[in-house]
Amino acid sequence: MFVLHVALQGCLRGNNVEYGLTADTGGHIRYLMDLVGACEASDTDSKIVIATRAFEGHGEDYQRPSEAVSPQISIVRLRTNRPDYVSKEDMHAEVASFSDALIAHLREHGLPDIVHAHYADAAVVAARIKTELGIPFVFTGHSLGRVKISAMPEIASDASMTHRLAAEECALEEASLIIASSRDEAELQYKGYDNYDAGKIRVLPPGSDLDAFQGAQSSETVEVQLARFLAEPEKPVLLAIARPVTKKNLIGLVRAYGKSPALQEAANLVILAGNRCEIDELEPDLADNLREILHLVDTYDLYGKIAYPKMHQPDLVPAYYAYARDRGGIFVNPALNEPFGLTLLEASAVGLPLIATDSGGPNDIVETCGNGVLIDPRDEDGLASAALKILGCSETWQTYSKAGERAVACYDWARHTERYHGLLSELIDKPAAKTEKPSQLLISDIDNTLVGSVPHLHAFGNWRRQQSGLSFGVATGRSFHSAMAILEQEDVPRPEVMITSVGSEIYHLSENGVSYEYDRHWAERIAENWDRSGIERVLRKAGFLTPQASLEQRDFKLSYFSDGSSSVVARIKELLEKAGLRASVIHSHRRYLDVLPLKASKGTAVDYVRRGAGLSENMVFVAGDSGNDIEMLQAIPQSIIVANYSDGLATLPALSHSYIASETHAAGIIEGVLHFRRQAEAECLSVS
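Report on the accompanying structure. (Residues numbered from 1 in each chain as written. Predicted model: local features only at pLDDT ≥ 70, side-chain atom pairs only at ≥ 80, totals over all residues. Heavy atoms only, no water.)

1. Topic: the packing of aromatic side chains
Here's step 1: Within the structure shown, the criterion is met by 15 aromatic pairs.
Here's step 2: With a centroid separation of 6.0 Å and an interplanar angle of 55°, the aromatic rings of Tyr31 and Trp413 are classed as tilted. Of this pair, Tyr31 sits in helix α1 (residues 27-42) while Trp413 sits in helix α17 (residues 413-428), placing them 382 residues apart in sequence.
Here's step 3: Judged by relative accessible area, Tyr31 falls into the buried class, the value being 5%.
Here's step 4: The class of Trp413 is buried, set by a relative accessible area of 9%.
Here's step 5: Summarising the aromatic geometry, the rings of Phe55 and Tyr85 are spaced 5.1 Å apart at their centres and angled 80° between planes, so their arrangement reads as edge-to-face. With Phe55 in the loop between β2 (47-53) and β3 (66-68) and Tyr85 in the loop between β4 (73-78) and α2 (95-109), this pair connects stretches of sequence that are 30 residues apart.
Here's step 6: Judged by relative accessible area, Tyr85 falls into the buried class, the value being 12%.
Here's step 7: Members of the aromatic cluster, each reached through a chain of ring pairs, are Phe480, Tyr507, Tyr516 and Tyr518.
Here's step 8: The ring of Tyr193 carries the charged tip of Arg146 above its face, separated from the ring centre by 5.1 Å. (Phe/Tyr/Trp six-rings, centres within 6.5 Å; stacked < 30°, edge-to-face > 60°. Helix = DSSP H or I, 4+ residues; strand = E, 2+ residues; numbered from the N terminus. Buried < 20%, exposed > 50% of the residue type's maximum accessible area, 1.4 Å probe, protein only. Lys NZ or Arg CZ within 6 Å of the ring centre and 35° of its normal.)

Rendered as structure tokens:
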């Protein structure tokens, strides 16, 4: 497989990348170089070319037309109209000349199988390649213009943002697949775009080479360097590592620290803000932020309490994390938005608890690892309070520190590249068009039904591949991206249909066999009489409900944690009826409560899919395990309840027609399907 990566921004070279040299030389280059390195390691037959700009003014390395990084990886640098370095704000003016140069280069040296575009302007280049050469592309945004505008509204009218938003809309429309780092990016950040299509986006968290960070130790060099700044160097440390650009909000962190005498008493503050010689030689955004940090140090008289070294060796970064860990410190990421957060993984691997922005990838990392807390980055008092709580409780600190070990297992490049290569291969080798119409349909819940037993799931995969006339789908309370992530992680056969968010959303597998298409007709059907804001307003006053995280709230679903009482559904319905509002209320596992449009449920969604496929009820099987499956199990005669069921499903009169499997999880699904097939065969024989 020949993959062409297009990355126009930053100072990109194969080795010893000068991170922080410019405002655009940061995490996206780290991601790209780690990705291609991992792809090379996992596929020795692959060919990887990175196409970027050649420019003057930062040394000869960035002017070289080509660079062999390894036997399989090379960098091609192409000249554009301007010879000097161009920031991302001005890059749009170079896109046309870069596209011309790249297309000419490809025609001369050979065409790739697929293009991977990084950042908005690269998507415009990739779309041009797609049009002229017929090569599909995937897109990674890294950071998005609309997110930046929400953090800094004053830039909304900038011409550069107009170009950036148009380029991102182009990416969403033209790319075969969008690769996102987190659910927050996939479900919230992209949603504001006109061409947003959730089924076209896949969440593939980047891996991270964390070997150097596990068991890291502090060093004498780090101890000596920081002791120059700190009057009490043995105190706990709040550590931040980020380029001093506005969106990283280092100013907010220093202000939060300066406003809190209690936090100053409890801990020192250490900031690694890239490498610099003279502030006046830096780009304006970098220089302005550093000057403001120094101003705040003086304003709050933080001398002896804060360290901000001008230079740090990249190979000593693990030692800085260890320095903070050994003193019982915390790693802080206060960014206005963090697309992913590689530094959070590094800190986790070392054993540092986290305080991180609630905007972006940290949502997924903290949820997965359970090793810290999320804060509103604009709430400086809240940041200080969170730090004091962790520093003030050794049990909490130890719990978070230990939980960081999960980062090493969960964010692995080998796992990432396996899924990445699989998706690219499928996009290149499009599946043959299906001519045979399925004669049966199986819809299964995911959690504790389809997944939960690895051996049973492997058996299900083998069985599924032998069922030529059986169409397969899932129905889940999870969102599309949450469901897809677990299905791909567990290597579940790709469903032809996905009913998600408790039946309020439906997605159908596209012709390319990889992406999905959102069923807008279903959305229109269930939208009737759905007053989401009114329902939310009424339930906000209910003292027995706690809203779930923003990622769990959907256009046609409001999700809460209940008080676990058996009367909670009746109480909610009473509140809504008094307000003249109508909705469906579903309670499961005595904890999770979802409020949906009256016409939305797993049951009505399955029936809608069944009718669309032209199948009778006795040609459909459904399988579930808990309360949010009741509507689906009740609606279809051939319903299967797996042996590990909950919420008393087997005793419910409305489900007396269901088959109670003796096997758990996926094995119970197979057992149930075979049971109903034997039953149908027996009935046919008796009739004949």
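2. Re the pairing of strand β12 (residues 330-333)
Here's step 1: Going residue by residue along β12, you find Ile330 and Val332 tucked away on one face and Phe331 and Asn333 tucked away on the opposite face as well.
Here's step 2: Alignment of strand β9 (residues 237-241) against β12, held across two bridges, turns out to be parallel. For Leu239, the partnering residue across the bridge sits in β12 and is Phe331.
Here's step 3: The sheet contact formed by β12 and strand β13 (residues 354-357) spans three bridges and is parallel. When the sheet's bridge partners are listed, Phe331 is paired in β13 with Leu354.
Here's step 4: Since β12 and β13 lie parallel, the crossover through helix α12 (residues 342-350) that links them has a hand, and here it is right-handed. (Pairing = 2+ DSSP bridges. Right-handed = clockwise from strand over helix to strand, strands pointing away.)

3. Considerations on the nonpolar core
As a rule of thumb, soluble globular proteins bury nonpolar side chains together.
Here's step 1: Ranked by internal contacts, the top residues of the largest apolar core, which has 79 residues, are Leu102, Ile129 and Leu450.
Here's step 2: With seven residues, the top contributor of residues to this core is helix α3 (residues 120-133).
Here's step 3: Discounting chain neighbours no more than four positions away, the residues touching Leu450 are Ser444, Asp445, Leu457, Phe460, Phe472, Val474, Leu487, Val492, Ala666 and Ile669.
Here's step 4: Formed by 44 residues, the second largest nonpolar core is a distinct cluster that contains Ile535, Phe544, Leu576 and Leu593. (Core = buried A, V, L, I, M, F, W, Y, C linked by side-chain atoms within 4.5 Å. Contact = heavy atoms within 4.5 Å.)

4. Some remarks on the packing of helix α21 (residues 532-539) against helix α22 (residues 568-578)
Here's step 1: Two elements in contact, α21 and α22, have axes whose closest approach is 10 Å; the angle formed by their N-to-C orientations is 120°. Between α21 and α22, the crossing angle belongs to the class labelled oblique. In terms of crossing hand, the pair formed by α21 and α22 is right-handed. Of α22, the residues touching α21 (which contributes Ile535, Val538 and Leu539) are Ile572, Leu575 and Leu576.
Here's step 2: Of the residues belonging to the contact of α21 with α22, the class tally is six nonpolar, no polar and no charged. (Axes fitted to C-alpha atoms, helices over the stretch in contact; angles between N-to-C directions. Parallel < 35°, antiparallel > 145°, perpendicular 65-115°, else oblique. Left-handed = near helix turned anticlockwise from the far one by under 90°. Nonpolar A, V, L, I, M, F, W, Y, C, P; charged D, E, K, R; others polar.)

5. Remarks on the sheet that holds strand β7 (residues 177-180)
Here's step 1: Pairing is mixed across the open sheet formed by eight strands, whose spatial order is β3-β4-β2-β1-β5-β6-β7-β8. Strands with a single pairing partner mark the edges of an open sheet, and in this sheet they are β3 and β8 (201-203). Put simply, the sheet's adjacent strands are angled 20° from each other on average, direction ignored.
Here's step 2: In this sheet, β2 lies alongside strand β1 (residues 2-7) in parallel orientation, the contact comprising five bridges. The residue bridging Val3 from the neighbouring strand is Ile48, located in β2.
Here's step 3: Across the sheet, α3 is in contact with β1, β5 (114-118) and β6 (137-140); its angle to β5 comes to roughly 160°.

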